[in-house]
Amino acid sequence: MNPAQIQQHNEQVLKLSVPLRPEPQLSFEQAANFLGQFIRWSNITPYYRTYIDKPSEGEMHAIFQYEKLPPFTVDGLRYLEREAEYFIPLGPYELCVQETKFGFVPGSGETHASRVRRKIRFNKGGVSTVMLVHYSRGPAQPIPPEAHRMPPVRQYPLVPSAEPAIFVMGEKTGQRVPLQNLQMLQQQQQQAGLIPGPQGFPPQANLGGPPRGPMPNAMQAQNAALANQNAAIAAQNAAMAAHRGPPKPQIPDELLADEDESDVVTHRDISTTRFIRNHEFLADLFSPEPIPKPVELPEEKEEDLKAALAALQAEIDA
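Residues numbered from 1 in each chain as written. Predicted model: local features only at pLDDT ≥ 70, side-chain atom pairs only at ≥ 80, totals over all residues. Heavy atoms only, no water.

*Asks:* Where do I start with the overall build of the protein in this structure?
*Replies:* If you tally the helices and strands in the protein, you get 8 helices and 10 strands. Taking all 318 residues of the protein together, 35% fall into the buried category. In the protein, 70% of the contacts between residues at least 6 apart in sequence involve partners at least 24 apart. Accessible surface, the protein as shown: approximately 20,400 Å² in total, 56% of it carbon and sulfur. (Helix = DSSP H or I, 4+ residues; strand = E, 2+ residues; numbered from the N terminus. Buried < 20%, exposed > 50% of the residue type's maximum accessible area, 1.4 Å probe, protein only. Contact = heavy atoms within 4.5 Å. Areas by Shrake-Rupley, 256 points an atom, 1.4 Å probe, with all protein chains shown as cover.)

*Asks:* Honestly, the nonpolar core in this entry has me stumped. Any pointers?
*Replies:* The tendency in soluble globular proteins is for nonpolar side chains to be buried as a group. Leu 35, Phe 38, Phe 64, Leu 95 and Val 130 are the most contacted members of the largest nonpolar core, which has 33 residues in total. Breaking this core down by element, the ones donating at least two residues are strand E1 (13-16), helix H2 (28-42), strand E3 (60-64), strand E5 (84-90), strand E6 (93-104), strand E7 (112-124) and strand E8 (130-142). Counting residues in hydrophobic clusters, the runner-up holds 10 residues, among them Val 13, Val 105, Met 131 and Val 133. (Core = buried A, V, L, I, M, F, W, Y, C linked by side-chain atoms within 4.5 Å.)

*Asks:* It is not clear to me how the environment of Ile 63 should be interpreted in this structure. Could you clarify?
*Replies:* Along the polypeptide, Ile 63 turns up in strand E3. For Ile 63, a relative accessible area of 1% translates into the label buried.

*Asks:* It is not clear to me how the confidence of the model for the protein should be interpreted in this structure. Could you clarify?
*Replies:* Predicted coordinates in regions of low pLDDT should not be interpreted in detail. With 71% of its residues at a pLDDT of 70 or more, the protein has an overall mean of 80. Scored below 50 in pLDDT, residues 254-263 makes 2 contacts in the model with residues more than four places away or belonging to other chains. (pLDDT = per-residue confidence, 0-100.)

*Asks:* Can you help me understand unusual backbone geometry in this one?
*Replies:* Note on backbone geometry: most residues besides glycine have negative phi, and most peptide bonds are trans. Looking along the chain, the bond that leaves Tyr 156 and enters Pro 157 is cis, with omega of 0 degrees. With respect to the element layout, Pro 157 can be found in the loop between helix H3 (145-148) and strand E9 (165-166). The backbone of Lys 54 sits at a positive phi, close to 45 degrees, despite the residue not being glycine. When its relative accessible area of 39% is taken as the criterion, Lys 54 is described as partly exposed. The phi dihedral of Phe 102 is positive, around 60 degrees, even though this residue is not glycine. Relative to the assigned elements, Phe 102 resides in strand E6.

*Asks:* Please explain the packing of aromatic side chains as it appears in this structure.
*Replies:* For any pair of aromatic rings, the description rests on two quantities: the centre-to-centre distance and the angle between the ring planes. Tallying each qualifying case throughout the model produces 6 aromatic pairs. Residues Phe 38 and Trp 41 carry aromatic rings whose centres are separated by 6.3 Å and whose planes lie at 35 degrees to one another, so their mutual orientation is tilted. With Phe 38 and Trp 41 both in helix H2 and 3 residues apart, this pair spans about one turn of that helix. In this structure, Phe 38 and Trp 41 share a single accessibility class: buried. Following the ring pairs from residue to residue traces out a cluster consisting of Phe 34, Phe 38 and Trp 41. When the ring centre of Tyr 156 is taken as origin, the NZ or CZ atom of Lys 54, which lies over that ring, is 4.9 Å away. We note Arg 117 situated over the ring of Phe 72; from NZ or CZ to the ring centre the distance is 5.4 Å. (Phe/Tyr/Trp six-rings, centres within 6.5 Å; stacked < 30°, edge-to-face > 60°. Lys NZ or Arg CZ within 6 Å of the ring centre and 35° of its normal.)

Here it is as structure tokens:
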């Protein structure tokens, strides 16, 4: 891939393939409820690569984020304020909130920046790799003229990803779904009542309060959090294994038990020796200094050496 393609690939996110209804305002209790639902859907629904670009007010996304993926920062908006991070305790849960204020769409003619992006995930009590991204409106600030003269936020047109969708949790972790089959899978799950239909979530009144299915006590909450965290780790390992080739064959220990470590010559040792030898040869060959001719040593016979030795011994004795 060329640098532009690599840049666009890094700007893509792994998004949950479930339709989400816009929510103009979202409380932290409702965000925790949504996160709990996203985690349950993640066990039966794959994620796919896509862009979040110039989102509208109330738009909401569920993405999968872990340390091996580039952090989600580019969404087609320009922000006048840096991202701030804070934590919200909610009983046995704790939310991590990354908030960026005073955003606007470059080139749209907006004169005031009032868009707000919140990235919310569980810091305690739930899977931390599932993230809710929500856009809303906040206090407005005039857009300075120099902000319009800054380089573009991202390069267009955006090239869609052709990578298949992937399950990141549950029994199907690591399994892939071709993009042409993703819509059919969504329809089957919607007909079975496993995920919401095209209209997204049910009415707002059914979503208030703590996450659905709250734990009766702290011990069960801790156990559930541990199970969810293990599932997230397994999902990370599966995502990493998908980019690796087949494992290298291992030599049985019994074949190496009688070998002395100093007697084992590896392919790396041979390659290193050959590399050094070849470069020394090339250095001599292309050196600006002429290579001296080898000195011709006179041929001396054993009889001549013995005669010279006897003569020297006679001189010493005299």
